Amino acid sequence: MKLSELLAGQEHTVLHGDPEKTWISAGTTFDADRVAPGSLFVAVPGHLEGGPGAVGPALARGAAAAVVDGDCVLPPGASERCVVRVPDTRRAAAVLTSRYFGEPGRAFDLIAVTGTNGKTSVSYMVESVLRIAEGARTGVIGTAGSRIGDEPVPMPPSVLTTPESPDLQYLLGHMRDRGVTGVVLEATSMGLLTHRMDRTFVDVGIFTNLSQDHLDDHGTMENYRDAKLRLFQGLCRHAVVNADDPVGAGIDALMPGAVTTYALDADADYRATDLMVDASGTRFTLHHDGRAYAAAIPSPGRFSVANALATVAACHHLGHDLAGLVAALAHMPQIPGRFERLTTEGGTSVIVDYAHSPDSLDKVLRTVRGFAPASVITVFGCGGDRDSTKRAAMGTIAGTHSDLCVLTSDNPRHENPETIMDEVARGIGATGTPWERFSDRRAAIAHALSAAGPKDIVLIAGKGSEPHQIVGDALLPFSDMATVRELTGR
């Protein structure tokens, strides 16, 4: 495709070469080491494997052209290559890449899920109920990677929950070409703030909730909230929002006449009442448009019901049969790393969950405590290079709702794990709950399992289905559930 066609209508200045004579034939990328002959290299300032300083290496690897948002000095011998300056490379990349792949988001129903908690769960639920109810072929893009049904779409390990626009548009194009009828993706706050979601043509945007997280990225809760709300300021056609959340309840003002609500407590278009929770799941009554539907999900807790309501509301808005969607909820498989359960040979229940914020840990522990027949043992830690203000608070929450806490390392990244655990320990200590401390996560899980009795529940929180631990810059293979299976022989 001609570079001039990709740039049509976009503000730009040609620094070198001729966009009319420049053909892009190998996609777009921010990473110099992923350039192939014929690529369009977009120099995003601050990008780890790219940026303005990587224009020379990218052209040397065969990039047909480069897009920058500042001055550019070409290396010797590269003056015939095309270099174009734009006001903002991230904004421009979303347009250029979407056009290169033929604006794939227009080819199917696209649901984007944002909020602090529940994004992955809702994504899995949408795919599951559409497959169960209608045999639909649905793509999923998010924390656990990208897939079409059960078929993974291979991507580099560095690809984010909400991929950068070159990767995201490639994935959408790949899914379109393989005949999907819908795609559901997780829209993170940073993904929205950095324009990765621009030009994706979202049909339904779902807002789950907002609570403290990612302050290391955004600085304040107001900035974090505003990043989430970008989805509902021109990036989606319709909104499905949690009316029990104050931020969700306010989205109607951003999209008047284009908002559907769901709730457990507030008045809403889709409501759940009569919740009955036990270890196997939750039964409830779903209300919509004057009718009541008996419903059940194989996951315990109010938060799971809220996720189910969001799923049903979004899919029903897109034209899927409500009765069929509700019936499918009961047959959903377990979501990896989201209240994922296993029972040991000795009768101990083990739950692996991604809860890694104060609000999510509190909700999971309150749910577990609500049906626990005996003691609750919580294994958890906090990640490094992330918001440190939540560490003591999470320690207090764990101590308040547990009979024993086993403090351990999560993803320490570039911080000393002992320092992180010191900060969490202050919160646990204030509750008076007994606790142990193991910097080795496998040893922590082993200790919790050995301390648990036949009717006890061991909650392992923080990492969910993540297949690795991040220590420094290294990704070390580690899975909470795989470790449990290894230790228990299950």
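Residues numbered from 1 in each chain as written. Predicted model: local features only at pLDDT ≥ 70, side-chain atom pairs only at ≥ 80, totals over all residues. Heavy atoms only, no water.

Draft legend 1. Representation of helix α13 (residues 391–401) in the model. Here α13 has its buried residues at Arg-391, Met-394, Gly-395, Ile-397, Ala-398, Gly-399 and His-401. In this structure, the buried residues of α13 make contact with α12 (358–371), β19 (376–380), β20 (404–408) and α14 (417–429). (Buried < 20%, exposed > 50% of the residue type's maximum accessible area, 1.4 Å probe, protein only. Helix = DSSP H or I, 4+ residues; strand = E, 2+ residues; numbered from the N terminus. Contact = heavy atoms within 4.5 Å.)

Draft legend 2. Structural context of the pattern of salt bridges. Taken as a whole, this structure holds 27 salt bridges when the rule is applied. As a salt-bridge pair, Arg-147 and Glu-127 come within 3.6 Å of each other at their nearest N and O atoms. Of this pair, Arg-147 sits in strand β8 (residues 145–148) while Glu-127 sits in helix α4 (residues 119–134), and the two are 20 residues apart along the sequence. Here the two residues Arg-147 and Glu-127 agree in accessibility, since each one is buried. The salt bridge involving Asp-265 is made with Arg-302; its shortest N-O contact spans 2.9 Å. A residue pair is termed long-range when its members are at least 10 positions apart, and Asp-265 in the loop between β13 (259–263) and β14 (270–278) and Arg-302 in helix α10 (residues 302–317) qualify at 37 residues. Assessed through its relative accessible area of 45%, Arg-302 is described here as partly exposed. In this structure, a network of salt bridges that share partners links the residues Glu-127, Arg-131, Arg-147 and Asp-150. (Salt bridge = Lys/Arg side-chain N within 4 Å of Asp/Glu carboxyl O.)

Draft legend 3. Here's a closer look at the sheet that holds strand β18 (residues 349–353). The strand order across the open sheet built from six strands is β17-β18-β22-β19-β20-β21, with neighbouring strands paired in mixed fashion. Looking at which strands have only one partner, the edges of the open sheet turn out to be β17 (340–343) and β21 (435–438). Going across the sheet, the axis of each strand differs from the next one's by a mean of 15°, ignoring polarity. Sheet analysis places β20 next to β21, joined by four bridges and oriented parallel. Residue pairing for β21: Leu-407 is matched across the bridge by Arg-437. Here α14 sits on the sheet and contacts β19, β20 and β21; the angle it forms with β21, its principal contact strand, is near 175°. Running over the sheet, helix α16 (residues 480–488) touches β17, β18 and β22 (457–461) and is turned about 5° from β17. (Pairing = 2+ DSSP bridges. Axes fitted to C-alpha atoms, helices over the stretch in contact; angles between N-to-C directions.)

Draft legend 4. Structural view of the packing of aromatic side chains. Within the structure shown, the criterion is met by four aromatic pairs. Ring geometry for Phe-101 and Tyr-170: centres 6.2 Å apart, planes at 70°, overall edge-to-face. On the criterion of sequence distance, the pair formed by Phe-101 in the loop between α3 (89–100) and β6 (109–114) and Tyr-170 in helix α5 (residues 165–177) is long-range, its members being 69 residues apart. A relative accessible area of 19% means that Phe-101 is categorised as buried. Members of the aromatic cluster, each reached through a chain of ring pairs, are Tyr-100, Phe-101 and Tyr-170. A cation over an aromatic ring shows up here: Arg-106 above the ring of Phe-201, its NZ or CZ 3.9 Å from the ring centre. Directly above the ring of Tyr-124 sits Arg-147, whose terminal nitrogen or CZ lies 4.4 Å from the centroid. (Phe/Tyr/Trp six-rings, centres within 6.5 Å; stacked < 30°, edge-to-face > 60°. Lys NZ or Arg CZ within 6 Å of the ring centre and 35° of its normal.)

Draft legend 5. Fine view of the pairing of β8. Strand direction decides the pairing type here: strand β7 (residues 138–142) and β8, joined by four bridges, are antiparallel. From the neighbouring strand, Ile-141 faces β8, where its bridge partner is Ser-146. Turn length for the β7-β8 hairpin, with the two strands adjacent in sequence and antiparallel, is two residues. For β8 and strand β9 (residues 151–152), the ladder comprises two bridges, and the chain directions are antiparallel. Looking at β9, one finds that Ile-148 is bridged to Glu-151. What sits between β8 and β9 in their antiparallel hairpin is a turn of two residues, with Gly-149 showing a positive phi close to 60°.

Draft legend 6. Local environment of the pairing of strand β5 (residues 82–85). Strand direction decides the pairing type here: strand β1 (residues 13–16) and β5, joined by three bridges, are antiparallel. Counted as the bridge partner of His-16 is Val-83 from β5. When strand β4 (residues 65–68) meets β5, the two strands line up parallel, connected through four bridges. Each residue of the ladder has a partner; that of Ala-66, found in β5, is Val-83.

Draft legend 7. Molecular detail of the side chain of Thr-344. Residue position: Thr-344 is located in the loop between β17 and β18. A relative accessible area of 12% places Thr-344 in the buried class.

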